[in-house]
Structures are given as C-alpha cells and as structure tokens.
Amino acid sequence: MEIQVKTCGSLQYILRYPKDFKETEKLPVLLYLHGSGTRGKALEAVLETDAYAITAQHADFPFLMVGPMCPAGATWFDFMADLKALVAEISSLPYADTGRFYGMGASMGGYGIWQLAMSIPETFAAIVPICGGGMYWAAKRLVDVPVWAFHGAEDKSVAVFHSDDMVARMKKHGLDVRYSRFDGVGHDV
C-alpha cells in the first residue's frame, strides 16, 4: 500500500492507496477522523489508529483512505472549513468515486464525522460514528446518509447518551440508522 503525506488548508493528512492501485479505476473513499488522544502528534500517529491498523491488515482493502491530523489543543469543530476543503480536494481526484465517499470517526472524531456529514450530507454515502455525538436537532439533515453508530454503554469519556440522542432523533425522522450499543463496554468499543 502506498502512502502519501499531503496538506489541505491548515490540515496535514495521510492518503493511503490500496495495493495494485490504478489511476484509471474509480475507488471508494474512507475519511477517518481520529480521537483526541492522537491530536497534535506526528502525522504518522494516524497510521497507528485502530482504523488504519485494522484496514492495513487487509492488503486488498479497496479504498482510498484519508486521515487528517487535528492540531494540538483543537477539536475537529475548529477545522470544519478545512475538513470541507479536504473533502472537496479528495473528491476532485479523478480516481475517487464520489458516489462512494464514506466517513468514520472515533470519540472526538465521532463528533467530527457527525457534524461534517450534517454540514455536507450530499457528500457521504454513509457514516460510522464511534463513541461520538452531535447536534441531535440537526440529525434530520442526514436524510440520504445511512448511519451505523457504535458506543459502549459504560463509556466514561463520552457518555453514551450522546449517541443515544443522535440515533433517537434519526429514528424519529424515519432515517436509515443502525446502532450497536454494547452493554458492559467502555470507551474502547
């Protein structure tokens, strides 16, 4: 798998290509937003996150994988404009399949992916927020964005009600949401 380090606005990011990448093929995109424990570290720390570590075990993982680094002392909310610019930059690549643009985030990144998807819902084919939450009153904006949310019921870092509220609001509006809420599990769901 080839990895490139790039910059968009004030965000550095890693773009990982699948094995046997060909610029002539359209590939799905997975944007991954890390949690607060990774922010401000060397960019390579993105590669050590669970999402990158797990997908790297599959040499044939057929996605362009995009992992920006949130600067120290900040949150993804502080860089929402840069994240939107990053989505636009990746979407402009001739080999990015914009109809299959997915978002995933854990903890602070879970909050970030909820917010980003509610800000530009037309971009995402689906999102996977993990131990996150958001402005539940805006969840109806995800009318065409399937969601599979994950949260540990015993999470001491991000209370489970944050995901509960988002999922409940989506269900209230009849939206496509799946929720895996794990009893007896904490933040490392």
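This text follows the structure it describes.
Bear in mind that the values here come from a model prediction, so they are computed numbers and not experimental data.

Participant: Quick question: what am I supposed to make of helix 4 (residues 161-172) here?
Facilitator: It helps to recall that an α-helix has 3.6 residues per turn; residues three or four apart then point in one direction. With twelve residues, helix 4 should cover 16 Å at 1.5 Å per step; its first-to-last C-alpha distance of 16 Å lies within 8% of that length. All buried positions along helix 4 are accounted for by S163, M166, V167 and M170. Across the axial projection of helix 4, the buried residues extend over an arc of 95°, all falling on one side. Residues of helix 4 that are buried in the fold lie against helix 3 (108-119), strand 7 (147-152) and strand 8 (177-182).

Participant: So what exactly am I meant to see when it comes to the packing of helix 2 (residues 80-91) against helix 3 here?
Facilitator: The relative placement of two packed helices is expressed as an angle between their axes plus a distance between the axes. One way to put it is that helix 2 packs onto helix 3 with a least axis distance of 11 Å and a crossing angle of 65°. Taken as axis vectors, helix 2 and helix 3 run roughly perpendicular relative to one another. Seen from above, helix 2 lies across helix 3 with right-handed handedness. Contact residues: M80, L83, K84 and V87 in helix 2; G112, Q115, L116 and S119 in helix 3. Here the residues of the contact of helix 2 with helix 3 sort into four nonpolar, three polar and one charged.

Participant: Just checking my understanding: could you explain the side chain of H34 for this structure?
Facilitator: Its place among the elements puts H34 in the loop between strand 3 (27-33) and helix 1 (50-56). Owing to a relative accessible area of 1%, H34 belongs among the buried residues under this scheme. For H34, the side chain forms a polar contact with the main-chain nitrogen of C70, separated by 3.0 Å.

Participant: Would you mind going over the pairing of strand 2 (residues 11-16) with me for this structure?
Facilitator: Within a regular strand, the side chains alternate between the two sheet faces. Burial analysis of strand 2 places five of its six residues in the buried class, which makes it a mostly covered element. Hairpin connection of strand 1 (residues 3-8) to strand 2: two residues between the antiparallel strands, including G9 at a positive phi of 60°.

Participant: Help me out: how do you make sense of the nonpolar core in this one?
Facilitator: Side chains that are nonpolar tend, in soluble globular proteins, to be buried together. With 44 residues, the main nonpolar core has L31, I90, W114, L116 and F124 as its most contacted residues. At the level of elements, strand 2, strand 3, strand 4 (64-68), helix 2, strand 5 (96-106), helix 3, strand 7 and helix 4 are the ones that each hand at least two residues to this core. The biggest single contributor to this core is helix 3, with six residues. Beyond its immediate chain neighbours, meaning those up to four positions away, L31 contacts V66, P68, L86, V87, F101, Y102, G103, M104, I113, L116 and F124.

Participant: Just checking my understanding: could you explain a nonpolar patch on the surface for this structure?
Facilitator: On the surface, F77, M135, Y136 and W137 cluster together to form a nonpolar patch covering roughly 390 Å² of accessible area. Checked against the element boundaries, Y136 lands in the loop between strand 6 (126-130) and strand 7. Accessibility expressed as a relative area gives 32% for Y136, which makes it partly exposed.

Participant: Could you clarify how one ought to interpret the pattern of salt bridges in this entry?
Facilitator: As a working rule, side chains carrying opposite charge can pair if their charged atoms are close by. Counted by the stated rule, this structure contains four salt bridges. We note a salt bridge from R100 to D97, for which the minimum N-O separation is 2.7 Å. Residue R181 is joined to D164 by a salt bridge in which the shortest nitrogen-to-oxygen separation is 2.9 Å. You can see R181 sitting in strand 8 and its partner D164 sitting in helix 4, a full 17 residues away along the chain. A relative accessible area of 22% places D164 in the partly exposed class. Connected via shared salt-bridge partners are D164, R181 and D183.

Participant: Sorry if this is basic, but what is going on with the side chain of S107 here?
Facilitator: Its place among the elements puts S107 in the loop between strand 5 and helix 3. Here H187 takes part through its side chain, which lies 2.9 Å from a polar atom of the side chain of S107. If we ignore the near neighbours within four places in the chain, the residues touching S107 are G35, I130, C131, G132, V158 and H187.

Here is what the cut-offs are and how they apply
- Think of each chain on its own: its residues are numbered from 1, step by step along the sequence as written.
- Selection of residues for local features in this predicted model requires a pLDDT of at least 70, selection of side-chain atom pairs for listing and counting requires 80 or more, and totals for whole chains, interfaces and linings are taken over all residues.
- Only heavy atoms go into the side-chain values, all of them from the structure, while hydrogens and water stay out.
- By definition, any uninterrupted DSSP run of H or I lasting at least four residues is a helix, any uninterrupted run of E lasting at least two residues is a strand, and each is numbered from the N terminus.
- Helix span, expected: 1.5 Å multiplied by one less than the number of residues in the helix.
- Relative accessibility thresholds used throughout: buried, under 20% of the residue-type maximum; exposed, over 50%; partly exposed, between the two (1.4 Å probe, protein chains only).
- Taken from the helix axis, the directions to the C-beta atoms give the arc we talk about.
- By definition, residues are in contact when any of their heavy atoms lie within 4.5 Å.
- The angle between two axes is taken between their N-to-C directions and runs from 0 to 180 degrees, where each axis is a line fitted to C-alpha atoms and a helix contributes only its stretch in contact.
- Comment on the angle field: the value is read as roughly parallel under 35 degrees, roughly antiparallel over 145, roughly perpendicular from 65 to 115, and oblique elsewhere.
- Two helices crossing with the near one rotated counterclockwise from the far one by less than a right angle form a left-handed crossing, whereas a clockwise rotation gives a right-handed crossing.
- Residues were grouped as follows: Ala, Val, Leu, Ile, Met, Phe, Trp, Tyr, Cys and Pro as nonpolar; Asp, Glu, Lys and Arg as charged; and all remaining residues, including Gly, as polar.
- Whenever a nitrogen or oxygen atom comes within 3.5 Å of another N or O atom, the pair is scored as a polar contact, on the condition that within protein one atom can donate a hydrogen and the other can accept it, and that pairs from neighbouring residues in sequence are kept only if both atoms are in side chains.
- Criterion used throughout: strands pair if DSSP finds at least two bridges between them.
- Definition of nonpolar core: a set of buried residues of the types Ala, Val, Leu, Ile, Met, Phe, Trp, Tyr and Cys, connected through side-chain atoms within 4.5 Å.
- Patches were defined on residues exceeding 30% relative accessible area and lacking a salt bridge, with like-charge contacts within 9 Å and nonpolar side-chain contacts (Val, Leu, Ile, Met, Phe, Trp, Tyr) within 5 Å.
- Per-residue accessibility takes into account occlusion by the displayed protein chains alone, with areas from the Shrake-Rupley method and a 1.4 Å probe.
- Salt bridge, as applied in this entry: a Lys or Arg side-chain nitrogen positioned within 4 Å of an Asp or Glu carboxyl oxygen.

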